[in-house]
Amino acid sequence: QVQLVESGGGLVQPGGSLRLSCAASGSIFRTNAMGWYRQAPGKQRELVATITSSDSTNYADSVKGRFTISRDNAKNTVYLQMNSLKPEDTAVYYCNADIRERGTLYYTNYWGQGTQVTVSS
């Protein structure tokens, strides 16, 4: 069984920074694409950023230049550095990853439980 556990959320003032982490654990053979999504109250979940196994990245237009996604393959961990935070960044942030478990030949998509980010003065 594989689990994704996020950490690093919290309350921050506008213009501040936060760093989210998401660690995958369990019987992992290989991790492919990893990413962050967010869901604000009353809105649909949306993509924030993704990163492939070869470190190719993709960002939502709303976070380009402010957020940076990175990963540590040895630790099966993905990070999201969030700078210049705005009130509209307030949401629950979810980690997502395509993971191949040991003993299998296919990838399964997993979600974390989410971590709250609140940007407010």
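For the structure itself, consult the block above.
In every chain, residue numbers begin from 1 and rise along the written sequence. Local features in a predicted model are, by the rule used here, given only for residues with pLDDT of at least 70; side-chain atom pairs are given and counted only at 80 or more, and totals for whole chains, interfaces and linings are based on all residues. With hydrogens and water set aside, each side-chain value is computed from the structure's full complement of heavy atoms.

(A) Quick peek at the overall build of the protein. Put simply, DSSP H or I for four residues or longer makes a helix, DSSP E for two residues or longer makes a strand, and each gets a number counted from the N terminus. The secondary structure content of the protein amounts to zero helices and eleven strands. Put simply, the protein runs from its N terminus to its C terminus through helices and strands in the order β-β-β-β-β-β-β-β-β-β-β. When we talk radius of gyration, it's over C-alpha atoms, and the globule rule is simply 2.2 Å times the number of residues to the 0.38. Expected size for 121 residues packed as a compact globule is a radius of gyration near 14 Å; at 14 Å, the protein falls within 12% of this value. A principal-axis box enclosing the C-alpha atoms of the protein has dimensions of 50 × 25 × 25 Å.

(B) Molecular detail of the nonpolar core. Residues belong to a common nonpolar core when they are buried Ala, Val, Leu, Ile, Met, Phe, Trp, Tyr or Cys residues joined through side-chain atoms within 4.5 Å. Any residue under 20% of the maximum accessible area for its type is buried, any over 50% is exposed, and the rest in between are partly exposed; the area is computed with a 1.4 Å probe on protein chains only. Trp36, Leu80, Met82 and Tyr93 are the most contacted members of the largest nonpolar core, which totals 31 residues. Ranked by residue count, the leading element in this core is strand β9 (residues 91–101), at five residues. Here, two residues are considered to be in contact whenever any of their heavy atoms come within 4.5 Å of each other. When residues no more than four places from it in sequence are discounted, the contact partners of Met82 are Gly16, Ser17, Leu18, Leu20, Arg66, Phe67, Tyr93 and Val117.

(C) Molecular detail of the state of the cysteines. When two cysteine sulfur atoms lie within 2.5 Å, the pair is treated as a disulfide. Enumeration over the complete set of coordinates arrives at one disulfide. Across the disulfide from Cys22 sits Cys95; the S-S distance is 2.1 Å. Taking the sign of the torsion about the S-S bond as the criterion, the disulfide between Cys22 and Cys95, at about -80°, is left-handed. On the criterion of sequence distance, the pair formed by Cys22 in strand β3 (residues 18–26) and Cys95 in strand β9 is long-range, its members being 73 residues apart. Note on accessibility: Cys22 and Cys95 belong to one class, buried.

(D) View of the packing of aromatic side chains. Aromatic contacts are taken between Phe, Tyr and Trp rings whose centres are within 6.5 Å, Trp giving its six-membered ring; a plane angle under 30 degrees counts as stacked, one over 60 as edge-to-face, and the others as tilted. Counting across every chain of the model gives one aromatic pair. Plain terms: the ring middles of Tyr37 and Trp111 are 5.1 Å apart, the flat faces sit at 65° to each other, and that makes the pair edge-to-face. Placement of Tyr37 in strand β4 (residues 28–39) and of Trp111 in strand β10 (residues 108–111) is noted, with a sequence separation of 74 residues between them. By definition, being over a ring means that NZ of Lys or CZ of Arg is both within 6 Å of the ring centre and within 35 degrees of the ring normal. Geometry around Tyr79 places Arg19 over its ring, the cationic atom sitting 4.1 Å from the centre. The ring of Tyr94 has Arg45 sitting right over it, with the charged end atom 3.7 Å from the ring centre.

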